[in-house]
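So you can see what is in the structure, the chains are spelled out below.
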Amino acid sequence: MRQDTLLLRLAGACALLGALLRLNAAFPTVTIPRLSGETLYLTIDVLLMLGLIGLFAGLPKFRGWLGAAGFVGAILGFALIRTGARLPLPGDAYQTASAVLGLALAVAGAGLVPGGGVGRWVGVGWIASFVVGLAGVALHWPMGFTAASALFCTGFALGGAGLIGGAKA
């Protein structure tokens, strides 16, 4: 197995594991001993960022203008989620950082959808996540964030599975 293929598959495993842990955090069914909430969310964010780097490297359509802008914005969004409470962000810091992350992934998703293959479904998941999250805020729908989180995780899980399987779309 070539070194770059191994790294892409490891990044895919990070994306898949991060998505599964995030889903578990949204619908807590399994507890992980000696792992506090903050540590769990930091672990999830690091895994998802590693997965995002792998998706950027492994999916050629991700490296277009929209994908690159979305990638940079998503990394910024993850960083803001971790540090947002310490910054003078407007409104609720976490909600603002989540909006930055969601918008950035929707932009990246718009670059992935025309490519077809697994990348298309990653993009559809991220775009749907942003639309559902935005509608949830606009309509004051309490389950909107949970539904958006599930779609967000679906995009990462599909991308991670695609990288593990060797997808190049």
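The structure under discussion appears in the preceding block.
Now for a description of the structure that goes with this document. Owing to the predicted nature of the structure, the values given are computational and were not obtained by experimental measurement.

### As for the layout of surface pockets
- Reported here for the largest pocket is a volume of approximately 620 Å³.
- If you trace the largest pocket, you find 28 residues lining it, with Gln 95, Ser 98, Ala 99, Phe 145 and Ala 148 closest to the centre.
- When residues of the lining of the largest pocket are traced back to their parent elements, those giving at least two are α2 (37–58), α3 (65–83), α4 (93–112), α5 (117–138) and α6 (144–164).
- Residues belonging to the lining of the largest pocket are distributed by class as follows: 16 nonpolar, 8 polar and 4 charged.

### Some words on the state of the cysteines
- As enumerated under the stated definition, the model contains 0 disulfides in all.
- In this structure Cys 14 is a free cysteine whose sulfur lies 15 Å from that of Cys 153, the closest cysteine sulfur available.
- Of the residues examined, Cys 153 reaches a relative accessible area of 2% and is grouped as buried.

### A closer look at the packing of aromatic side chains
- Enumeration over the complete set of coordinates arrives at 7 aromatic pairs.
- Note on Phe 56 and Phe 71: the rings are 4.4 Å apart at their centroids and 20 degrees apart in plane angle, and the pair reads as stacked. With Phe 56 in helix α2 and Phe 71 in helix α3, the pair connects residues that are 15 residues apart, well separated along the chain.
- The exposure class of Phe 56 is partly exposed, given its relative accessible area of 22%.
- Each member of the aromatic cluster is reached from another via a ring pair, and the members are Phe 56, Phe 62, Phe 71, Trp 126, Phe 152 and Phe 156.

### A closer look at the packing of α4 against α5
- For the pair α4 and α5, interaxial distance at closest approach is 8 Å and the crossing angle is 145 degrees. As for how α4 packs across α5, the hand of that crossing is left-handed. The residues of α5 that touch α4, namely those facing Gln 95, Ala 99, Gly 102, Leu 103, Leu 105, Ala 106, Ala 108, Gly 109, Ala 110 and Leu 112, are Gly 119, Arg 120, Val 122, Gly 123, Trp 126, Ile 127, Phe 130 and Val 137.
- Of the residues assigned to the contact of α4 with α5, the class counts are 12 nonpolar, 5 polar and 1 charged.

### A few points about α4
- Given a rise of 1.5 Å per residue, 20 residues ought to cover 28 Å, and the 29 Å separating the end C-alpha atoms of α4 matches this to within 8%.
- If you check which residues of α4 are buried, you get Ala 93, Ala 97, Ser 98, Leu 101, Gly 102, Ala 104, Leu 105, Ala 106, Ala 108, Gly 109, Gly 111 and Leu 112.
- Structurally, α4 contributes buried residues whose contacts are with α2, α3, α5 and α6.

### Here we look at the packing of α2 against α6
- Running from amino to carboxyl end, α2 crosses α6 at an angle of 55 degrees, the nearest separation of the two axes being 10 Å. In terms of orientation, α2 lies oblique with respect to α6. You can see that α2 and α6 cross each other, and the crossing is left-handed. On α6, the residues that touch Leu 48, Gly 51, Leu 52, Gly 54, Leu 55 and Gly 58 of α2 are Phe 152, Phe 156, Gly 159 and Leu 163.
- Of the residues in the contact of α2 with α6, the class split is 6 nonpolar, 4 polar and no charged.

The rules behind the values
- Residues numbered from 1 in each chain as written.
- Predicted model: local features only at pLDDT ≥ 70, side-chain atom pairs only at ≥ 80, totals over all residues.
- Heavy atoms only, no water.
- 1 Å grid on protein atoms, 1.4 Å probe; cavity = no way out; pocket = protein on both sides within 12 Å on 5 of 7 lines; lining within 4 Å.
- Points joined across faces, edges and corners; volume = space filled by probe spheres on them.
- Helix = DSSP H or I, 4+ residues; strand = E, 2+ residues; numbered from the N terminus.
- Nonpolar A, V, L, I, M, F, W, Y, C, P; charged D, E, K, R; others polar.
- Disulfide = S-S within 2.5 Å.
- Buried < 20%, exposed > 50% of the residue type's maximum accessible area, 1.4 Å probe, protein only.
- Phe/Tyr/Trp six-rings, centres within 6.5 Å; stacked < 30°, edge-to-face > 60°.
- Axes fitted to C-alpha atoms, helices over the stretch in contact; angles between N-to-C directions.
- Left-handed = near helix turned anticlockwise from the far one by under 90°.
- Contact = heavy atoms within 4.5 Å.
- Expected span 1.5 Å × (residues − 1).
- Parallel < 35°, antiparallel > 145°, perpendicular 65-115°, else oblique.

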